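# Breakdown of the fold
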Amino acid sequence: MFEDFSLFPDAASSYASRVDSLYLFLCTMTAVASFGILCAVVFLSVRYRRRADRAAEQLEGSLPLEIFWSAIPAVLFVGIFAWAAKLYLEMYREPADCMEFYVTGKQWMWKIQHPTGQREINTLHIPVGRPVKLTMISEDVIHDFYVPAFRIKRDVVPGLYTSEWFEATKVGTYHLFCAEYCGTKHSEMIGSVIVMEPAEYEAWLGGQPASQDPVEAGRVLFENLRCVTCHDAGKNQRGPDLHGRFGETVGLANGTTVLFDEAYTRTSILEPKHDIAVGFEPVMPTYEGQVTETQIQQLIAYVKSLATDTGEGQQK
Amino acid sequence: MTTTTAPLPLQAEPREDNYVAAGYGLKSWLLTVDHKRIALLYLMSITVFFCLGGLFALLIRLELLTPQGDLFESEIYNRVFTMHGVFMVFFFLIPSIPAVFGNFLLPLMLGARDVAFPKLNLLSWYLFMTGGLLAMIAMMTGGVDTGWTFYTPYSSTYTNSQVLVTAVGVFIAGFASILTGVNFIATIHKMRAPGLTWFRMPLFVWAHYATSLIMVLGTPVVAVTILLVAIERLFHVGIFDPALGGDPILFQHLFWFYSHPAVYIMILPAMGVMSEIVSCFTRKRIFGYKVVALSSLAIAVLGFLVWGHHMFVSGQSIYAGLVFSLLTMLVAVPSAIKVFNWLATLYRGSIKFDTPMLYALAFIGLFTIGGLTGVFLGALALDVHVHDTYFIVAHFHYVMVGGVVTMYLGALHFWWPKMIGRMYPTFLAKVAAALVFIGFNLTFFPQFLLGYLGMPRRYHVYPEEFQVLNVLSTAGASVLGFGFLLPLCYLLWSIKYGKKVESNPWDACGLEWTTTSPPPKHNFHDVPVVEEEAYDYAKREALRV
């Protein structure tokens, strides 16, 4: 049981060591404060132990002293807040050039889809040195995708896309844990993240059973579900044309705006009447129950691919 | 009148006038409206719940001795940790100091005959017991496996365990808490003895005033939330389950809106006890009395504004996370102020190390670690890593056990002679205090390391590299268990065999020490008149030296 024993976890992501610095700073602060208080308690207890010949001296208190020792922790804690907040914003705001993976959690497994369509369960192969973004959703209860070596976790919630990103910096195999209690086999909803050299990763991808490209799969769905009938510039157009729209701001009929992102796309498929784009009638039927989470992910991949497609290609 | 007959001393003494001797039948206890007897009813019932919760804790630690799930199935393990949390949080920690010592001491400290609404007080106990019995019925008919936090949609749709019965139990027990809060607020406002102005009140009373405000304002929210879970479960109305059109994160907002302030329902009374014990055993007025008093109120108010720090990784807006994190850092300040003031009280004191003081000194250390590790969790980027790991388990046990239970034991050892009229064996009591301190640290310190290594909480089986620290933790738990069993034994023993004590065995200030031990049925033979500040130890010290 002493094999692999250590007091500190692997640090294998771009911000792992920065979280560790914060942690070690706080550990030092706690150690200094606790040791200081311990010394004070021991010293005062010995120095002022009860004696028959000495009475306690009554001290009323002192406002300057109170202000002094309120200000020290206040300043220190606000400083820690700023340090940690800066890092937090980086953790949850991904850079633009991420490889995008989809993660679906369900009791009690992780389903993962690579940008190129390969699928795996409970393992995630990624190349080292590339930022990776996970867009995550749950099919049932709340889960949490946690990789201790990367110092990252985020809840995986039913009905809501959440995301996290990281850049692995060290080749190796790391624990993947579900960190939000999700029922009977919560502790078995685990897996591994396998970080590989980019060339190895390409080789690994090539060795996987050829699966459909998610954009292509989404395009087929877009036609089969007849989305194309209304969302296409032409005489039958009854909904917004989706070319060049993803990532832009959408004006809504109620006067507000919304970002055209994964969550907006998903909501529009399942609850079309939730956000009506300005200038269109609320005529779209819901696809709730007709598409799986995976199919929604494929549709999103397709709609996303239209962002760089201005629609000219339609003519051919 | 004559000196010729040698009187039999026992028979010649007047009939004992104390609240225990006021009646011995079952009915005299079950229908009592005396706050002191109700306090003892609470003491007996929460001791049972503590033992139950402790038994579940023992089972958890036994299971985690090895990485494999070899003691139970996962289904059972999940029920065990849930029942541990439910009994400890709702049926021990929340009522612990307020319902036992608050009930017993507030009227005594205020110079009153009873609380403002004695019958309501008894009703609180019956509600509490109804809730507790329902939770026990849930336990015996299969238990709950949602964790004490009842997160949706698992609790409202997916689990097939006894969520409804437990939820109704917690719901009803919540009303006991609300009624106790109302009773304390009314008592503190209206029943103070002549001369007892607000800033002459003991800090224990101030702490209970702040606690009562949280009980009254916060508990209804959790009651409604639990009711909504029950409604969704029974009638499939979409509130929290997205499959029905609900929002699972809404549940977390509602739940933590109460359950974070509930932490202060537990710790504020412990801080109140701390002030009483420190001042008595240093023979000093608490340094910065007013600051300590008002910091309780500051904690009660700020405590309502930080619930979102439980949700930094939940999918709540990251900008909400920023606000909640900053406020969390601020709520740590009034607690730090209290620690500094207690330390300053030791300075130039006349310190004696009786058992209650040992618990108080332990509290300073454990609460400091508990509080500062809270700053780790309030720091956003660090929370992302340690959230829902053993780090947070260790942190809240440092506050809940190292803080609250330590001071609960401190209070028990300080006021036991007053409550029972007899002293416990003091040497054994000091041994027990040392066992609790050592056992506690050995149990929970390794869990900080486990958490940073990444071991998630609520895991039935875990990777082998975490075993060493888990074995240490289990070893500590067995020491801690002995530390808790020992007081149970000697305190029970002392009820019959302990040495009788005078009205003020610690030579302490405070109105509760001016009446006999145990106090008479109506607390005071004459209404006390207060002419001094709280903790006026100067006179006593002048007499001693």
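Reading guide: rules and limits
- Residues numbered from 1 in each chain as written.
- Chains lettered and ligands numbered in written order.
- Predicted model: local features only at pLDDT ≥ 70, side-chain atom pairs only at ≥ 80, totals over all residues.
- Heavy atoms only, no water.
- Helix = DSSP H or I, 4+ residues; strand = E, 2+ residues; numbered from the N terminus.
- Rg over C-alpha atoms; globule rule 2.2 N^0.38 Å.
- Buried < 20%, exposed > 50% of the residue type's maximum accessible area, 1.4 Å probe, protein only.
- Contact = heavy atoms within 4.5 Å.
- Areas by Shrake-Rupley, 256 points an atom, 1.4 Å probe, with all protein chains shown as cover.
- Lys, Arg positive; Asp, Glu negative; His and termini not counted.
- Charge placed at Lys NZ, Arg CZ, Asp CG, Glu CD.
- Pairing = 2+ DSSP bridges.
- Axes fitted to C-alpha atoms, helices over the stretch in contact; angles between N-to-C directions.
- Salt bridge = Lys/Arg side-chain N within 4 Å of Asp/Glu carboxyl O.
- Domains from an automatic or database assignment.
- Buried area = accessible area lost by both parts, 1.4 Å probe.
- Phe/Tyr/Trp six-rings, centres within 6.5 Å; stacked < 30°, edge-to-face > 60°.
- Lys NZ or Arg CZ within 6 Å of the ring centre and 35° of its normal.
- Expected span 1.5 Å × (residues − 1).
- Polar contact = N/O pair within 3.5 Å; in protein donor to acceptor, adjacent residues only side chain to side chain.
- Core = buried A, V, L, I, M, F, W, Y, C linked by side-chain atoms within 4.5 Å.
- Parallel < 35°, antiparallel > 145°, perpendicular 65-115°, else oblique.
- Left-handed = near helix turned anticlockwise from the far one by under 90°.
- Disulfide = S-S within 2.5 Å.

### So, the overall build of chain B
Counting its secondary structure elements, chain B contains 18 helices and 2 strands. A compact globule built from 545 residues should have a C-alpha radius of gyration of about 24 Å, and chain B, at 24 Å, falls within 12% of that. Each principal axis of the C-alpha distribution contributes one length, and for chain B these read about 90 × 50 × 45 Å. The proportion of buried residues among the 545 residues of chain B is 65%. Counting only contacts in chain B whose residues sit at least 6 apart along the sequence, the fraction spanning at least 24 positions is 82%. Accessible area for chain B stands at about 18600 Å²; split by element, carbon and sulfur atoms hold 71% of it. For chain B, the separation between the mean place of its 31 positive charges and that of its 28 negative charges on side chains is 11 Å.

### Some points on the overall build of chain A
When you go through chain A residue by residue, the secondary structure sums to 7 helices and 12 strands. What you see for chain A is a C-alpha radius of gyration of 27 Å, clearly larger than the 20 Å of a compact globule of 316 residues, by over 25%. Counting only C-alpha atoms and orienting by the principal axes, one finds that chain A spans roughly 105 × 55 × 35 Å. For chain A, with 316 residues in total, the buried portion stands at 48%. Approximately 14800 Å² of chain A is accessible, and the part contributed by carbon and sulfur atoms is 59%. The distance from the centre of the 27 positive side-chain charges to the centre of the 39 negative ones in chain A is 5 Å.

### Quick notes on the sheet that holds strand β3 (residues 119-121) of chain A
Residues and elements named next belong to chain A. Spatially, β3-β2-β1-β5-β8 is the arrangement adopted by the 5 strands of the open sheet, whose pairing is mixed. Each edge of the sheet is formed by a strand with only one pairing partner; in this case those strands are β3 and β8 (162-167). Each neighbouring strand pair of the sheet contributes to a mean axis angle of 25°, computed without reference to strand direction. Relative to strand β2 (residues 109-113), strand β1 (residues 99-106) runs antiparallel, the two sharing 5 bridges. Residue pairing in the sheet places Lys106 in a bridge with Met109 of β2.

### Describing the pattern of salt bridges
All names here are of chain A. Counting across every chain of the model gives 25 salt bridges over all chains. Taking the shortest distance from any N to any O, the salt bridge between Glu216 and Arg219 comes out at 3.0 Å. Of the two residues, Glu216 and Arg219 both sit in helix α4 (residues 214-224), 3 residues apart, roughly one turn of that helix. Here Arg219 falls in the partly exposed class, since its relative accessible area comes to 30%. One continuous salt-bridge network, built from bridges that share partners, spans Glu94, Glu100, Lys133, Glu262 and Lys304.

### Considering the domain arrangement of chain A
The extent of an interface is frequently quoted as the accessible surface area lost upon association of the parts. Residue and element names in this part refer to chain A. When cut into domains, chain A gives domain 1 (9-38 + 64-211) and domain 2 (214-311). Distance between the C-alpha centres of domain 1 and domain 2: 30 Å. Listed by partner, the interface residues are 18 residues for domain 1 and 11 residues for domain 2. Together domain 1 and domain 2 conceal approximately 1100 Å² of surface at their shared face, both sides included; 50% is due to carbon and sulfur atoms.

### A short note on the packing of aromatic side chains
Taken as a whole and assessed by the stated rule, the structure comprises 68 aromatic pairs over all chains. Between Phe222 of chain A and Tyr302 of chain A, the ring centres sit 5.0 Å apart and the planes meet at 55°, which makes this aromatic pair tilted. Residue Phe222 of chain A is found in helix α4, and its partner Tyr302 of chain A is found in helix α7 (residues 293-305); the two are separated by 80 residues along the sequence. Across the pair, exposure class does not vary: Phe222 of chain A and Tyr302 of chain A are buried alike. An aromatic cluster is built from Phe50, Phe92, Phe101, Phe204, Phe281, Tyr408, Phe414, Trp415, Phe484, Trp506 and Trp513 of chain B, whose rings are joined through pairwise contacts. Positioned above the aromatic ring of Tyr146 of chain A, the side-chain terminus of Lys153 of chain A is 3.8 Å from the ring centre.

### As for helix α12 (residues 318-346) of chain B
Helical periodicity: at 3.6 residues per turn, an α-helix aligns residues three or four positions apart in one direction. Residue and element names in this part refer to chain B. Between its first and last C-alpha atoms α12 spans 43 Å; for 29 residues at 1.5 Å apiece the expected length is 42 Å, and the two agree. Most of α12 sits inside the fold, with 22 of its 29 residues counted as buried. The N-cap residue of α12 is Ser317: its side-chain oxygen and the backbone nitrogen of Tyr319 are 3.0 Å apart.

### A short note on the environment of Thr389 of chain B
Note on placement: Thr389 of chain B falls in the loop between α14 (380-386) and α15 (390-420). Assessed through its relative accessible area of 0%, Thr389 of chain B is described here as buried. Residues Thr389 of chain B and Trp342 of chain B, spaced 47 residues apart in sequence, show a C-alpha to C-alpha distance of 32 Å. Beyond its immediate chain neighbours, meaning those up to four positions away, Thr389 of chain B contacts Tyr146 and Lys153 of chain A together with Gly451, Met455, Pro456 and Arg457 of chain B. At 2.6 Å, the side chain of Thr389 of chain B forms a polar contact with the backbone oxygen of Val386 of chain B.

### Considering the nonpolar core
Ranked by size, the top nonpolar core spans 255 residues in total, and within it Ile126, Phe145 and Phe150 of chain A together with Phe87, Phe101 and Trp415 of chain B carry the most contacts. Ignoring anything within four residues of it in the chain, the contact list for Phe150 of chain A reads Ala12, Ser13, Tyr15, Ile126, Phe166, Ala168, Tyr174, Val193 and Val195 of chain A. In this structure, Tyr102, Leu242, Ile296 and Leu299 of chain A belong to the second largest nonpolar core, which totals 24 residues.

### Points about the pairing of strand β9 (residues 172-178) of chain A
When a strand is regular, its side chains alternate between the sheet's two faces. Residues and elements named next belong to chain A. Where strand β6 (residues 143-147) lies against β9, 2 bridges are found, and the strand directions are antiparallel. Bridge pairing in β9 links Tyr146 to Phe177. Where β9 meets strand β10 (residues 191-196), 5 bridges bridge the pair, whose relative direction is antiparallel. Opposite His175, over in β10, you have Ser192 as the bridge partner.

### Re the packing of helix α10 (residues 248-282) of chain B against α12 of chain B
All names here are of chain B. Two elements in contact, α10 and α12, have axes separated by 10 Å at closest approach and are oriented at 15°. Overall, the two elements α10 and α12 adopt an arrangement that is roughly parallel. Between α10 and α12 the crossing geometry is left-handed. Two secondary-structure elements touch here, α10 through Tyr264, Met271, Met274, Ser275, Val278 and Thr282 and α12 through Val331, Ser335, Lys338, Trp342, Thr345 and Leu346.

### Here we look at the state of the cysteines
Disulfide: a covalent bond formed between the sulfur atoms of two cysteine residues. All names here are of chain A. If you walk through the whole model with that rule in mind, you get 0 disulfides over all chains. With no disulfide of its own, Cys27 lies 18 Å from the sulfur of Cys39, the closest cysteine sulfur. By relative accessible area, which is 25% here, Cys27 ends up partly exposed.

### Brief notes about unusual backbone geometry
Each neighbour pair has its own omega, and for Gln107 of chain A with Trp108 of chain A the value is -10°, a cis peptide bond. Tracing the chain through its elements places Trp108 of chain A in the loop between β1 and β2. Within the chain, His236 of chain B stands out as a residue other than glycine whose phi angle is a positive 55°. As for its position among the elements, His236 of chain B is in the loop between α9 (203-235) and α10. According to the relative accessible area criterion, His236 of chain B is exposed, its value standing at 54%. Phi at Tyr535 of chain B is positive, roughly 55°, even though this residue is not glycine. With respect to the helices and strands, Tyr535 of chain B occurs in the loop between β2 (499-500) and α18 (537-544). Tyr535 of chain B gets classed as buried once you look at its relative accessible area, which sits at 5%.

### Considerations on the interface of chain A and chain B
Each partner contributes residues to the interface: chain A has 88 residues there, and chain B has 97 residues. Taking both partners together, chain A and chain B bury about 7900 Å²; carbon and sulfur atoms supply 68% of that area. The largest contributions to the chain A side of the interface with chain B come from Arg50, Tyr88 and Tyr181 of chain A, which together make up 10% of the buried area. Residue Arg348 of chain B is joined to Glu57 of chain A by a salt bridge in which the shortest nitrogen-to-oxygen separation is 3.1 Å.

### Describing the sheet that holds β9 of chain A
All names here are of chain A. Read from one edge to the other, the open sheet built from 5 strands follows the order β4-β10-β9-β6-β7, with strand pairing classed as mixed. Only two strands of the sheet have a single partner each, and these edge strands are β4 (123-127) and β7 (152-156). Looking at each pair of strands side by side, their axes are set apart by 20° on average, direction ignored.

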